[in-house]
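An overview of the molecular structure
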Amino acid sequence: MQHSTTRHFIRSLLRAMIRFREKRGWIMSSHVAMSMLLALFPFLLFVVALAGAVTADVQTEALIDLVLGSWPKEIGEPIAREVRAVTSGAGSSLLTIGAVLAVYFASNGVDALRAAMTRAYHGSDPRPWWQQRLLCLVFVLCGAGALVAAVFVGIAAPLYLHFMEDAAPRLYTAIFGNEVMRQIVTALVLVVAVTACHLWLPAKDVRPAHVWPGILLTLFFWALAGY
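Thresholds applied
Residues numbered from 1 in each chain as written. Predicted model: local features only at pLDDT ≥ 70, side-chain atom pairs only at ≥ 80, totals over all residues. Heavy atoms only, no water. Helix = DSSP H or I, 4+ residues; strand = E, 2+ residues; numbered from the N terminus. Buried < 20%, exposed > 50% of the residue type's maximum accessible area, 1.4 Å probe, protein only. Phe/Tyr/Trp six-rings, centres within 6.5 Å; stacked < 30°, edge-to-face > 60°. Patch = residues over 30% accessible without salt bridge, like charges linked within 9 Å, V, L, I, M, F, W, Y side chains within 5 Å. Areas by Shrake-Rupley, 256 points an atom, 1.4 Å probe, with all protein chains shown as cover. Salt bridge = Lys/Arg side-chain N within 4 Å of Asp/Glu carboxyl O. Contact = heavy atoms within 4.5 Å. Core = buried A, V, L, I, M, F, W, Y, C linked by side-chain atoms within 4.5 Å. Polar contact = N/O pair within 3.5 Å; in protein donor to acceptor, adjacent residues only side chain to side chain.

**Observations regarding unusual backbone geometry**
- One non-glycine residue, arginine 24, lies in the positive phi region at around 55°.
- Following the sequence through the fold, arginine 24 ends up in the loop between α1 (2-22) and α2 (25-54).
- Arginine 24 gets classed as exposed once you look at its relative accessible area, which sits at 53%.

**Considering the packing of aromatic side chains**
- For the coordinates displayed, the defined rule picks out three aromatic pairs.
- Relative to tryptophan 26, the ring of phenylalanine 20 has its centre 5.1 Å away and its plane inclined at 90°; by these criteria the two rings are edge-to-face.
- Here tyrosine 104 and phenylalanine 105 contribute two aromatic rings whose centre-to-centre distance is 5.8 Å and whose plane-to-plane angle is 75°, an arrangement assigned as edge-to-face.

**What to know about a nonpolar patch on the surface**
- Residues Phe9, Ile10, Leu13, Leu14 and Met17 make up a contiguous nonpolar surface patch of roughly 510 Å² in combined accessible area.
- Tracing the backbone shows leucine 13 in helix α1.

**Concerning the environment of alanine 196**
- By secondary structure assignment, the location of alanine 196 is in helix α8 (residues 179-200).
- C-alpha of alanine 196 to C-alpha of phenylalanine 139: the two residues are 57 residues apart in sequence and 9.2 Å apart in space.
- The residues contacting alanine 196, other than those within four sequence positions of it, are Phe139 and Leu201.

**Overview of the side chain of arginine 114**
- In this structure, arginine 114 sits in helix α5 (residues 92-121).
- Aside from chain neighbours lying at most four places away, what touches arginine 114 is Asp125, Arg127, Gln132, Cys136 and Leu201.

**Some words on the nonpolar core**
- Grouped together as the largest cluster of nonpolar side chains are 32 residues, with contacts concentrated most on Phe43, Val47, Leu68, Val83, Phe139 and Leu201.
- By residue number, the principal contributor to this core is α2, which donates nine residues.
- Counting six residues, the second largest nonpolar core, distinct from the first, contains Val191, Val206, Val211 and Leu219.

**A short note on the environment of threonine 118**
- Tracing the chain through its elements places threonine 118 in helix α5.
- Residue threonine 118 is classed as buried on the basis of its relative accessible area of 3%.
- On a C-alpha basis, the gap between threonine 118 and alanine 203 in space is 6.3 Å, while along the polypeptide they are 85 residues apart.
- At 2.7 Å, the side chain of threonine 118 and the backbone oxygen of arginine 114 are in polar contact.

What follows is the structure, encoded as structure tokens:
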């Protein structure tokens, strides 16, 4: 039984590698990586403008650190420097107008991912172009909203957690003082993001059970590359 399972796994892995080559996986991977990198700058500008529209006390450094904190300094610091230069020298009206353009250009990165995943599933997207772009814009808006909410929670939560730490120090340590727990929360966020991409970006109805192997493999290689 174990030998049969191992043989089935090897055959499935070989078929996946063949399909990856037939679907021009390496070319599409490079396209997605470059598009996402170019979309990162306008995305950050939009996130800062969105935070400024919500509150006057914009935590620009917290937003930049949340997005680029885990990036290598050689890559993340030039982007962060340009974001600081643009946001510090622009007025609120100019930043708002720029945000409208930024959210469109940021959606190009999501559109590259949509095209790659559509090709991986069945090769063509029957949806009209405006529906494809609208879907990408929704992903950008949801991602920006989640980042702004995360920063606000990061600012407000310590005030409330301080009372919890005094009232129940053991419970506080078990939940918030545990490095494993923080890693679990981060992994859950990544799982939700990657799952959303698999379920909604391709022009095909898929069952969650069918995409879990790909999601887990994506997260594994993501963590391996980050390490």
